[in-house]
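Structural overview for review
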Amino acid sequence: MHAPGGADDRASRPSCTEFGDVALVRLGFETTEDLDLLAARLTEAGYETRVVEGDDRAVHVTDPDGQHLEIHPRADGEWTSVAEEAASEDH
């Protein structure tokens, strides 16, 4: 995700809606799946995707509701559930 005040700080832009300025949010997810294969699979399913290179490689895609999603590689390459992580912290 992008730090507030960064070059892509959309939350600081006025949205000019009838409800006033609205903060925009991006959802971020992690995956152990190869990002190029994930992007290809999403594209094949009809979603416009792009692989973004930079400090952190990610797949950007827009969901059917128009929400912008970022999918990042999981740093350790292994997936664990929140419950598993909590249990390992208790021991």
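Residues numbered from 1 in each chain as written. Predicted model: local features only at pLDDT ≥ 70, side-chain atom pairs only at ≥ 80, totals over all residues. Heavy atoms only, no water.

With that out of the way, let us pick up the overall build of the protein chain. Tallying secondary structure elements over the protein chain gives two helices and four strands in all. Going residue by residue from the N terminus, the α and β elements of the protein chain occur as β-α-β-β-β-α. Counting over 91 residues, the protein chain shows a buried share of 19%. Taking the contacts inside the protein chain whose residues are at least 6 apart along the sequence as the reference set, 37% of them involve residues at least 24 apart. Split by element, the accessible area of the protein chain, about 7000 Å² in all, is 53% carbon and sulfur. (Helix = DSSP H or I, 4+ residues; strand = E, 2+ residues; numbered from the N terminus. Buried < 20%, exposed > 50% of the residue type's maximum accessible area, 1.4 Å probe, protein only. Contact = heavy atoms within 4.5 Å. Areas by Shrake-Rupley, 256 points an atom, 1.4 Å probe, with all protein chains shown as cover.)

This part covers the pairing of strand β4 (residues 68-73). Across five bridges, the pairing between strand β1 (residues 27-31) and β4 is parallel. Pairing of E30 across the sheet is with H72, part of β4. Pairing analysis gives four bridges linking strand β3 (residues 58-62) to β4, with the strands arranged antiparallel. Bridging across to β4, V59 finds its partner in I71. Counting the residues in the hairpin turn of β3 and β4 gives five residues, including G66, whose phi is positive at 85 degrees. (Pairing = 2+ DSSP bridges.)

The strand order across the open sheet formed by four strands is β1-β4-β3-β2, and the pairing between neighbours is mixed. Every interior strand has two partners, whereas the edge strands, β1 and β2 (49-52), have only one. Going across the sheet, the axis of each strand differs from the next one's by a mean of 25 degrees, ignoring polarity. (Axes fitted to C-alpha atoms, helices over the stretch in contact; angles between N-to-C directions.)

Moving on to the side chain of E70. Note on placement: E70 falls in strand β4. Reaching out from E70, the side chain makes a polar contact with the side chain of H72 at a distance of 3.0 Å. (Polar contact = N/O pair within 3.5 Å; in protein donor to acceptor, adjacent residues only side chain to side chain.)

Counting eight residues, the largest nonpolar core consists of L35, L38, A39, L42, V59, V61, L69 and I71. Where this core is concerned, the elements lending two or more residues are α1 (35-44), β3 and β4. With four residues, the top contributor of residues to this core is α1. Setting aside anything within four residues of it in sequence, one finds V61 in contact with L42, Y47, E48, T49, Q67, H68, L69 and I71. (Core = buried A, V, L, I, M, F, W, Y, C linked by side-chain atoms within 4.5 Å.)

Mean pLDDT over the protein chain stands at 75; residues scoring 70 or higher make up 57%. α1 holds the highest mean pLDDT among the elements of the protein chain, 95, whereas helix α2 (residues 82-90) holds the lowest, 62. (pLDDT = per-residue confidence, 0-100.)

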